[in-house]
Structures are given as C-alpha cells and as structure tokens.
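Working through the structure, step by step
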Number of protein chains: 2
Amino acid sequence: MINPHFVLTAESLLPKLAEHTVTPVRLVEVVADPDAFQGWAVKDAGSADNLKERGFSKGDSFILDFGDHQVGYLTLSLDSIEARADSPVRLKLTFGEMPCEMAEDFDGYDGWLDRSWLQDEIMNFDILPGSYTLPRRYTFRYLKVEFITPARKYKVVFPDIHVTTVTSADVSKVAPLADSVPQDLRDMDRVAVKTLQDCMQTVFEDGPKRDRRLWIGDLRLQALANYETFNNFDLVKRCLYLFAGLRLECGQVGACVYEKPEPAGDDIYLYDYSLFFVATLYDYVEASGDLETLRELWPIALEQIRISLERLDDRGIVKDDPSWWCFTDWHEQLNKQAPAQAVLIYCMKRGLPLAERLGDTEAADSIRSSLDQVTSATLERLWDAEQGFFVSGEGRQVSWASQVWMALAEVLEKDANAELLDRLFAVNPDIRPMTPYMYHHLIDALILTGRNDKALEQMRAYWGEMVRDGADTFWEVYNPEDKKNSPYGSNLINSYCHAWSCTPTYFIRKYFV
Amino acid sequence: MINPHFVLTAESLLPKLAEHTVTPVRLVEVVADPDAFQGWAVKDAGSADNLKERGFSKGDSFILDFGDHQVGYLTLSLDSIEARADSPVRLKLTFGEMPCEMAEDFDGYDGWLDRSWLQDEIMNFDILPGSYTLPRRYTFRYLKVEFITPARKYKVVFPDIHVTTVTSADVSKVAPLADSVPQDLRDMDRVAVKTLQDCMQTVFEDGPKRDRRLWIGDLRLQALANYETFNNFDLVKRCLYLFAGLRLECGQVGACVYEKPEPAGDDIYLYDYSLFFVATLYDYVEASGDLETLRELWPIALEQIRISLERLDDRGIVKDDPSWWCFTDWHEQLNKQAPAQAVLIYCMKRGLPLAERLGDTEAADSIRSSLDQVTSATLERLWDAEQGFFVSGEGRQVSWASQVWMALAEVLEKDANAELLDRLFAVNPDIRPMTPYMYHHLIDALILTGRNDKALEQMRAYWGEMVRDGADTFWEVYNPEDKKNSPYGSNLINSYCHAWSCTPTYFIRKYFV
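Residues numbered from 1 in each chain as written. Chains lettered and ligands numbered in written order. Predicted model: local features only at pLDDT ≥ 70, side-chain atom pairs only at ≥ 80, totals over all residues. Heavy atoms only, no water.

Observations regarding the overall build of chain A
Which entries qualify depends on this criterion: Helix and strand assignments follow DSSP, with helices taken as H or I runs no shorter than four residues and strands as E runs no shorter than two, numbered in order from the N terminus. We take the radius of gyration over the C-alpha atoms and set the globule estimate at 2.2 Å times the residue count to the 0.38 power. For the exposure calls, accessible area comes from a 1.4 Å probe over protein chains only, and a residue counts as buried if that area is under 20% of its type's maximum, exposed if over 50%, partly exposed in between. Any two residues whose heavy atoms approach within 4.5 Å at even a single point are treated as in contact. Computed by Shrake-Rupley with a 1.4 Å probe, the accessible areas treat only the displayed protein chains as cover when residues are assessed. In this charge count, Lys and Arg are treated as positive and Asp and Glu as negative; neither His nor the chain ends contribute. The atoms used to mark charge sites are NZ of Lys, CZ of Arg, CG of Asp and CD of Glu.
Across its full length, chain A carries 14 helices and 14 strands. On C-alpha atoms alone, chain A measures out to a radius of gyration of 25 Å, which is about the 24 Å that the 2.2 N^0.38 rule sets for 513 residues. Seen through its principal axes, chain A has C-alpha atoms that stretch 80 × 50 × 45 Å. Looking at chain A as a whole, 64% of its 513 residues qualify as buried. The long-range share in chain A, meaning contacts at least 24 apart out of those at least 6 apart in sequence, stands at 75%. Taken as a whole, chain A presents about 18,700 Å² of accessible surface, with 47% of it coming from carbon and sulfur. For chain A, the distance from the average position of its 53 positive side-chain charges to the average position of its 81 negative side-chain charges is 3 Å.

This is the structure we're talking about:
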C-alpha cells in the first residue's frame, strides 16, 4: 500500500552524507587469549607506515587497525617494488568490526543468516601503480589483507590505504559532557554516540554491517538518542514518512522498509513494531514541535491503534500466537502476549495526547474508552496478584519483559509500579532480557519508577561491561554470562554496531548529568 | 629513455573502442571426455532464458556459453523470487576462454605465472533488484556462476546477463572471401580474424586474457594480418611510437611496453625483438606509404641495427648466452644463436631499402657493408655443408628454427634456400617449432621459397587442427602431439586468443585466394 506523496516527502529529505578520511593507526595481530572478549586479543604489530616500504607477496598477510569503528569506502593504492608489476594482484580482503572476524574462518560459518553478511572479497587488481576505491560500503575497524599473488618477480607496497567514512550525523552538534560526569559514563556516552553516528546514514539503519535496514523498533530508540545528541529532526521525519508511505496491504506499518534500489516495504508485520509508529511520532513531535508532520501522519498512527485493537479477544487480551508475530526481545522461550498488551497500552497513551493536540476529539474519546477497557482487562486477566507479577500466554509465563513493559505502560498505580520492578529484581525470573534493546526498556522503566540508582547500576553492569570488553560501538547482542551468544548461531554474524544499543547517551544526557 | 614527443604522438593516436552487446546463447555443462580437446567436452544444458525464471540458491551453479570468444565488460542484473532479497548475494564468478577453465580447479593451479591471470572473483552484490557492471575487463566464452548464498528465504534470477565487448578493429573493413575459397580455409580465416579483432584494443595486445601487453614480436605479425583485414594503420603507428618513445637505457627498443596507468617501458630486452622494430617499420611503410612516420622513426630503427651489430664476436657471429636474451620460440632446448644471426640479417635487409628510400646513403652504405660481412661470417661459421643445415651454439645444434630463420634471411641462394626447407622436412630434426609464432615463420619461409602447397598443408595440419579442436580464436601454444602442453606449467594459464597465432588470415588473403 504505497502512498506516493509520503514517499516523495521522504525522498525530499534524503540527507547528504558527510565524508571524512580515516587512515589506519597501526598493524595488529589477533591472538588467542582466554581472558580476552570472545577469546581473541589484539596485539600491536608495528606502524601502518610499514606498508609503504615492506614488500608483500604470495602467502603474506597483515591486519590493519583503523583505530575505531568505521563505516565507509576503502581506497587501496597499490604499487610494486623490486620490479614492475607484470601481472594482476589477487588479494583476499576481510573486514571486521571485531577481532573474532579477523581470527575465525568465515568459510566455516554455519549460522542461520546468510554468510554474505560477513564482509570478505577475493579481488584482482589489474594495474599497478593504481588506486582502487572498492564499490561496496564496509563496516569495520580491522582489515585483513591476504596475498594470493604476486608469486614472482615483484612485491606489493601500499603508498596509501584509507577509508572515506560516511554518516548523516553532524558530530559538531553533540554538546560536550560536563567535567563532573564520571569517566565510565563519559566512555559509555562516547561509545553510544559513535554507535548512533555510524548507524545514521540515509536512514537510521539498524546496523551498518547487518542488515543496513530501517526497522521501526530501532528507529524509535535512535530517535530518542538523536534528540539528545545530533538533533537531526529531518532524518527522523524522513523515516516516519517512509514507514507511512510503504505500509502493508491491510494498512499496518511494516516492521522494516528497504531504501534501495527504491523505497519499498518488506512483508514483515510485528504487532509491537507497528504500534511504535505512534510512539515514535509522539517522541518526534515532543522533540521538534513539528505539528505539520503530526497533522499529515496522524491518520496513519491512529490506524495502527485501530488495527492493533482488532487483535483483542473477547476478554480484551491480545491474541497469542506461536509464530513470530511480536518482537519484544531475542529470547526463544519468551511469550509475547503480555508485552504486546503492554505495548498497546503504552502506545495508546501516546496516541491520546496527539489526538488532543490536533483537536481530534472523536479519536481522543475512542482511544480513552479503549484504554479503559484494555487496562481493566489486563488487570483482570494478566495480573497475578498472588505472585505479584503479570503473566503471559497460556502457560502464564512470568518474564522480565512482561513486567518491564507493563511498568512502562503504567498499568499499575505509581507505587505498585515501582514495587513491581523491585520484586522483579528480587525474584529474578528465568526469562531475562537478552538484548540491549530489552535492557533499554528495563532502564527506561527503572527511571520512570524513580529507581534511577538501580538504572545506573544496570547500565554500568551491562553497557559498562561492553566498554570493558572493548566495544568501540555498542553491540546488537550481549550476554555478560555468555559472551559468544548469538541469536543467529554464530557470533561472527552479530552486528557489533547496533542502533538499539545506542541509548546510554539518551539516559546519561537526559537523566544523569 | 623516454622520448616525450614520441609518447605524445602515440597518445594522440589512442583509438576509441567500438562496443557491442553480446548475450549468452545457451547453458552448457563441461564433462570429461577422453576424445575431446584436453579431455573436456561441452554439452548443451538448455536455453539461457532459463536464468530469467529459474531461482538459484546456495550450492547451485551454472555455466553460460556466450557463443564465441569475447573481450569486454560483464553486466549482471540480479533479482529475487519467492521473497524479496534481504541479504547480499555472494557469488563466485569464473570466466574461461576454454572448457578446461570451467572444469579444472583454479585453486589447485601450480604453474609458473601468477594465478591472478586466471579469471575468477568472489563478489557480493548488496542490492536486489540491481544491475552490476563489473569493473574489470574479462576475456572469455564461458562464464561459471556458483552460488555461495542465498541460503534462506529468497532465490536469485537473472533478468539480464550480457557482455559489452570492446575492440579497436572495425569489422566492416574486412573483405568477404570469394565463394571459391574452400571451407576449411574460410574457417581458419574467420578464427584468425576474430583472434586479431579481440587482441586489437588500445594497443595490439599479445593476448587479451594474458598478458594484455604490447610485445613487438606479436605486433609485427598482428600488423601484417591487419594490413590484409582491418587496415588500421593508426594503431600500428601508435604502437611503433610507443616502442620508439620508451626505449631501454642504452637505446634498445624493449621487448614490450605497458600502457597503463601511463605508457612505460618494461626492462626486458630481447635481441630479436629489438630488431623487429626495423621489420615492423618496414612493413608499415610498405602498407601505408607513410613516409612522415618513417622519417621520424628511422633513427630509432637504424640504432637497433647498430646496437645489434655490437653483439657480434670477432668472427662476425652473434654471441650466444644461456640466459633469456633472444626469444625465437618457447622451446627449452632451443639454441638461439643461429636464429638471432638470421634475424639480424633479415632486419638489415629491411633497413636497407628504408635507408635508400629516405636517401640516407651513409646508413645504406653502412648496412650494405655490414650485411656482406655478417652473411659471409654466417656461411663460414654456421653453415654445415656436410649436414646441409645451419648449426647454432657451441653444441652445433640443428633446429627447425635455425633453418627457418636462415631461409627467411635468404642467406643461401634461391634454390639452395628452397632445398634447405625440403631437407628440413625430410630430416625432421628433434628441435621442432613449438608455438604458432614459430609456425608462422615456417609458413612464411615455405611461401618465400615457392613451397606454397607445403605451406598450405602445414597450415591445415596446424591451425586447421586447432579449428577441429574447437578453437574460437587461435591459441598461444599448440602442440598437436601434446594438447595440454604449456610453457608455463599449466594449460589453464595459456592464452587461448593470442596475437601471434592470427596470421592464417594474412597468408590466406595474401597468397591463397
């Protein structure tokens, strides 16, 4: 269901990307080390300037460290020494965000997502001396170069290797933190800002390595972090118009959209994600005051609420489904019913003030009435007073996600809401948060209920531990208890710069400085 | 020793390449067949149109046949079916002039030239639907596509695959052969013309697959074939000026020059090749009548004769050397002394009329005097009257190459010269011609001595057999007795479209129609 006006509006907001040239800072080796994150330590192996003089040939290899996470286009200048190059040069190039990508064999990869997300090529370079800018955009800190040739009379040197980075984020807009902010929070903030920056391209990508796409679950969190840092309203607006312009056949906002070769919707519908259109619009209007966009997109937002209400059963509870109908978190055992119910309430509570702001009293009345019914049904059917927890699904599962989302939806009274979270930590149910995305909501709920110290403690234990584990940008997946964890069957394919992990800067700048 | 005026003149003659779009004609399989050339037969496997509908995924592969030898740039249009592509597509692409390149493993290659001459890449394609024109020029008839991904929800189809061929040859200038010309000669002529066409780029390349360079030994033969077919004088002129403008430090014309990134000489000096500058200039002036170029380049030609004469020993014989100082032919046992001596005489005999034409009597007198001395020395020292053959080197080797080149140099009287070749066939010395390059000189010598029937018989036995073995273009190396023969340790790396093999069209059009 394409709305050409919305898509054209989105396209008119296509940002021009800022480019910067970054050169490698050193040569490194990646060595096995049981004490290092995922078992791989990075060791200094000399100056990158060595590449200008040291000649390489068949069987040689080196790993360059670009000093930080980079998103951009690689330029390699190749020349020959000892003799003129009389044959093409055949190289294997492997790009990695993380040491594991330099050390583990991609061809042995056996995960559930396509191996093509791993960034390696085998390329031939015909003319030396020559400067080659590779056509693909890569996401990496490390670059491994392996020499398949030359084997004969000449050797290869590199007068220049650099990456031209791209981003739509304007780093000059990020206010410096006050000197009084503790170093560990400054580190978390820096890594979070870099995460957001590298995901900000012509849309808010979920991860610039994988899958380089605009997902609304990520967008919502990126937009929040953006309002505290780069303040790029147009990019949020562009993304909102893309989602509005490329809905699914029955009017739902899709879970993600493709930008290229031209904007197009995907066929994935997720209950929570479609509702987040309302919340993201709400946050955008709060931050920007852009009522014109609200006016244009409000019917789409309202439609999401209406469609979502249709999924309620006779009791007023969102119908459960064993399939992938609601995201919530990457957790195989997690039941999504209660979190979905909470997201519905959470988003209706943001739709209501939007309706009121526009003077759409009919919609406001309707939402208010639905809210009452859904909230009552929730308390009646999902609240287990005996346990003091919300339960989810036929199995009456008690998960962290259900409690966190119910807290965010403010289904209970203020004090009871805070006590719910206290109890959550005390009881510590088995079905825990798995991703930074779910951790974001936990932190958000703690702050909402006035548990700011606990929120900071959790941030330090989670994102802070990522920093201690060497994160240049925050990761898609992180389980401090199982550091090779991947929802995709291989840690190689995890995205190590992932939008939904960028919110420490949002919390720090909004609540902790 | 760069002469900027000559180089600039060469650059002013840079041709614009003609482009043509060629689409594949069918899918094929390459299967082991002991009766087929090199043991590989090509079998039909359906219409190339199948690629537009049949979906491919991980583990699949196909081989396309473009119907004839092609030199150009590949464009692949990829799209997805069953679902939208949600990940890059990783393909291995292997380009081959010959079935062996489709069937034999490149990674097992263990020849003496760099494996990078073998044409394969592993590439990732980020956006589907998308059209990708690969940056490198490839030389191929067959293209193998192997799918490393996608492994998940979508499959890949190819709405379009084509090659944009490039050549500086104008095929409209080639006169059709008379209907009376026998079919086997027509076939040889067609394959020879295509060989020349595909080698004619911005210079006369030796082979468009390998090593894509301007070698003067190839140039001389290409130019002769060109005067009978495409008649592109400017391209010959450009190449002569490149050689003249990029000589070695002591003034010799180098064996080859590089065009890119800018014109530059190589460091290879070969005795016969430097002298061929004289013969190539002579042939060019004969064909074009371009006296202005003769006037400008004559000093360079004369210098080659003077430098070559300096290598004569006290007896007036070219000094032998175990190293690679003279090309003559790819034959490990071949001694080059007598052939080099003959090439010196051959080229002086072409320098002389050039000097006379320019009225350079001093040079003419000098060449005439040297010719007398060198010819006398040759008859005295290298002619073995008892055997009736010319001998070469300390071991007094009797080779085909020595007799052929002495015949071309017309050292003996006319009848004796013809009898020399008759005797050569009768005795059949072990050191035989190995390449089409040496076979060219054999044919040329037979025609020179009036043995046209024998010449035709030899052409039919050699190039005719290549046609029967499936040549689309004539090969760099061909030994009907050992069809996997390679001077480089692997038949995979042989050039299967090689300039020095293109002269059947020269002989057919000049002598046999």
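Next, the rest of the story.
Comments concerning the pattern of salt bridges
Residue and element names in this part refer to chain B. Keep this limit in mind: What makes a salt bridge here is a side-chain nitrogen of Lys or Arg within 4 Å of a carboxyl oxygen of Asp or Glu, nothing more.
Throughout the structure, instances matching the rule amount to 82 salt bridges over all chains. Where Arg-468 meets Glu-465, a salt bridge forms, and the shortest distance between an N and an O atom there is 3.1 Å. Placement of both Arg-468 and Glu-465 in helix H13 (residues 452-468) is noted, with a separation of 3 residues, approximately one turn of the helix. Judged by its relative accessible area of 22%, Glu-465 falls in the partly exposed class.

Quick notes on the interface of chain A and chain B
What counts here: The term buried area refers to how much accessible surface (probe radius 1.4 Å) is lost by two components on association, counted for both of them together. Definition of a polar contact: a pair of N or O atoms within 3.5 Å, with one able to donate and the other able to accept a hydrogen when the atoms are protein atoms, and with sequence-neighbouring residues admitted only if both atoms are side-chain atoms.
Taken residue by residue, the interface counts 39 residues in chain A and 39 residues in chain B. Three residues stand out in chain A for area buried against chain B, namely A:Arg84, A:Arg90 and A:Asp114, and they jointly supply 18% of the buried area on that side. For the pair chain A and chain B, the number of links is 8 salt bridges. The salt bridge involving A:Lys153 is made with B:Asp267; its shortest N-O contact spans 3.7 Å. If you look at where chain A meets chain B, you find 23 residue pairs in polar contact (both at pLDDT 80 or more).

Observations concerning the sheet that holds strand E11 (residues 256-258) of chain B
Residues and elements named next belong to chain B. Using the following cut-off: Only strands that DSSP links by at least two bridges are regarded as paired with each other.
An order of E10-E11-E12 is seen for the 3 strands of this open sheet, with the pairing classed as antiparallel. Among the strands making up the open sheet, the edge pair consists of strand E10 (214-215) and strand E12 (264-265). Relative to E11, E10 runs antiparallel, the two being bridged by 2 bridges. Residue pairing for E11: Trp-215 is matched across the bridge by Cys-256.

Let's talk about unusual backbone geometry
Note that the residue after A:Arg210, namely A:Asp211, is joined by a cis bond; omega there is 0°. Along the chain, the position of A:Asp211 falls in the loop between helix H3 (183-199) and strand E10 (214-215). Of note, the amide linkage connecting B:Lys260 to B:Pro261 takes the cis form, showing an omega dihedral of 0°. Within the secondary structure, B:Pro261 sits in the loop between E11 and E12. You will see that A:Thr328, though not glycine, has its phi angle at about 65°, which is positive. The residue A:Thr328 is located in the loop between helix H7 (291-309) and helix H8 (337-358) in this model. Here A:Thr328 falls in the buried class, since its relative accessible area comes to 2%. Of note in this structure, B:Arg212 is not a glycine but carries a positive phi near 55°. Topologically, B:Arg212 is positioned in the loop between helix H3 (183-199) and E10. Take B:Arg212: its relative accessible area is 18%, and that puts it in the buried class.

What about the domain arrangement of chain A?
Frequently, the measure chosen for interface size is the accessible area that the parts lose on association. Residue and element names in this part refer to chain A. In plain terms, the rule: Note that domain bounds follow an automatic or database assignment of domains.
Each assigned domain of chain A is listed here: domain 1 (21-166) and domain 2 (190-511). Taking only C-alpha atoms, the centre of domain 1 and the centre of domain 2 are 38 Å apart. Taken together, the contact pairs 26 residues of domain 1 with 28 residues of domain 2. Taking both sides of the interface into account, the surface hidden between domain 1 and domain 2 amounts to around 2,500 Å²; carbon and sulfur atoms contribute 57%. Of all residues in domain 1, Phe-37, Trp-117 and Arg-137 bury the most surface against domain 2, accounting for 27% of the area lost on that side. In this assembly, domain 1 and domain 2 are joined by 5 salt bridges.

Notes on helix H11 (residues 414-427) of chain B
All names here are of chain B. Going by this rule: Take the number of residues in a helix, subtract one, and multiply by 1.5 Å to get its expected span. The arc in question is the one traced by the directions running from the helix axis out to the C-beta atoms.
Here H11 spans 20 Å end to end across 14 residues, near enough to the 20 Å set by a 1.5 Å rise per residue. Along H11, the residues that are buried comprise Asn-417, Ala-418, Leu-420, Leu-421, Leu-424 and Phe-425. Seen along its axis, H11 keeps its buried residues to an arc of 150°; they face one direction. In H11, the exposed residues that point more than 90 degrees away from the buried face are Asp-415 and Ala-426. Residues of H11 that are buried make contact with strand E13 (383-384), strand E14 (389-390), helix H10 (400-408), helix H12 (436-448) and H13. Just downstream of H11 lies Asn-428, where phi reads positive at about 55°.

Observations regarding the pairing of strand E5 (residues 89-96) of chain B
Residues and elements named next belong to chain B. In terms of burial, E5 is a largely internal element, 8 of the 8 residues being buried. Side-chain alternation along E5 places Val-89, Leu-91, Leu-93 and Phe-95 on one buried face and Arg-90, Lys-92, Thr-94 and Gly-96 on a second face that is also buried. Bridge count between E5 and strand E6 (residues 119-125): 7 bridges; the pairing is antiparallel. Paired with Leu-93 across the bridge in E6 is Glu-121. Both E5 and strand E8 (residues 138-147) contribute to a ladder of 6 bridges, which runs antiparallel.

Examining the packing of helix H5 (residues 233-245) of chain A against H7(A)
All names here are of chain A. Our working rule: Simply put, an axis is a line fit to the C-alpha atoms, just over the touching stretch for a helix, and the angle between two N-to-C directions goes from 0 to 180 degrees. Under this scheme an angle from 65 to 115 degrees is roughly perpendicular, one under 35 degrees roughly parallel, and one over 145 degrees roughly antiparallel; angles in between are oblique. For a crossing to be left-handed, the near helix must be turned anticlockwise from the far one by less than a right angle; the clockwise case is right-handed. When residue character is reported, Ala, Val, Leu, Ile, Met, Phe, Trp, Tyr, Cys and Pro are called nonpolar, Asp, Glu, Lys and Arg charged, and the others, Gly included, polar.
Across the interface, H5 lies against H7 with an axial gap of 10 Å and an inter-helix angle of 30°. Viewed along their axes, H5 and H7 adopt a mutual orientation that is roughly parallel. Relative to H7, the crossing made by H5 is left-handed. Across from Lys-237, Leu-240, Tyr-241 and Ala-244 in H5, the residues of H7 making contact are Thr-293, Glu-296, Leu-297 and Ile-300. Residues belonging to the contact of H5 with H7 are distributed by class as follows: 5 nonpolar, 1 polar and 2 charged.

Digging into helix H4 (residues 216-227) of chain B
All names here are of chain B. Helix length check: H4, at 12 residues, gives a terminal C-alpha distance of 16 Å against a target of 16 Å (1.5 Å per residue), a fit within 8%. Counting buried positions along H4 yields 12 of 12 residues, so the element is predominantly enclosed. Buried within H4 are the following residues: Ile-216, Gly-217, Asp-218, Leu-219, Arg-220, Leu-221, Gln-222, Ala-223, Leu-224, Ala-225, Asn-226 and Tyr-227.

Some remarks on the environment of A:Val22
Residue and element names in this part refer to chain A. Of note, Val-22 is situated in strand E1 (residues 18-22). Counting along the chain gives 141 residues from Val-22 to Val-163, while the straight-line C-alpha distance between them is 5.3 Å. The contacts of Val-22, once residues within four sequence positions are left out, are Phe-66, Gln-70, His-162, Val-163 and Thr-165.

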